[in-house]
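Architecture and fold: a report
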Amino acid sequence: QVQLVESGGGSVETGGSLTLSCTASQYFRSPYCLGWFRQAPGKERERVARINSSGGTWYADSVKGRFSISQDKKILSLQMNSLKLDDAGTYYCAVASLFCFPTMSDSDFASWGQGTLVTVSS
């Protein structure tokens, strides 16, 4: 299966920006859905953004207008702007071998990275 490795995490002040990257061990085979997730301490993992093999994107309401997901060959990226305290957490990338759809669950994503930590301070 595809191996995924996240990078780009770090510490940033509120209002700042960070770009996360997810590098895959092989090219993604269409159809596919690539996603970014995050989990803060003591909270459930939440869906942040998705992009499918046709270029369509989806964003959680909490990050809409501030985050941008993109994919170029083996690299999945997440540009995060105007960061808030609630954006802190461990960010994970994942891939599913099907088109993105509203009711898909985390189990539909067969491969996951190990995560990269993002901390936000005021």
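Coordinates for the structure precede this section.
Residues numbered from 1 in each chain as written. Predicted model: local features only at pLDDT ≥ 70, side-chain atom pairs only at ≥ 80, totals over all residues. Heavy atoms only, no water.

The full count for this structure, using the stated rule, is two disulfides. The disulfide partner of C33 is C100, and the S-S distance across this bridge is 2.1 Å. Residues C33 and C100 are joined through a disulfide that is right-handed, its torsion about the S-S bond being 100°. With C33 in strand β4 (residues 33–39) and C100 in the loop between β9 (89–96) and β10 (111–112), the pair connects residues that are 67 residues apart, well separated along the chain. Its relative accessible area of 0% is what places C33 among the buried residues. (Disulfide = S-S within 2.5 Å. Helix = DSSP H or I, 4+ residues; strand = E, 2+ residues; numbered from the N terminus. Buried < 20%, exposed > 50% of the residue type's maximum accessible area, 1.4 Å probe, protein only.)

Attention now moves to the pattern of salt bridges. Under the counting rule described, the total for this entry stands at six salt bridges. Residues R45 and D106 are paired through a salt bridge, measuring 2.9 Å at the closest nitrogen-oxygen approach. Placement of the pair is R45 in the loop between β4 and β5 (46–52) and D106 in the loop between β9 and β10, with a sequence separation of 61 residues. Of the residues examined, R45 reaches a relative accessible area of 37% and is grouped as partly exposed. For the salt bridge of D87 with R66, the shortest nitrogen-to-oxygen distance reads 2.8 Å. Here R66 lies in the loop between β6 (57–59) and β7 (67–72) and D87 lies in the loop between β8 (75–80) and β9, a separation of 21 residues in the sequence. Here the two residues D87 and R66 agree in accessibility, since each one is buried. Linked through salt bridges whose partners overlap, the residues forming this network are R38, E46, R66 and D87. (Salt bridge = Lys/Arg side-chain N within 4 Å of Asp/Glu carboxyl O.)

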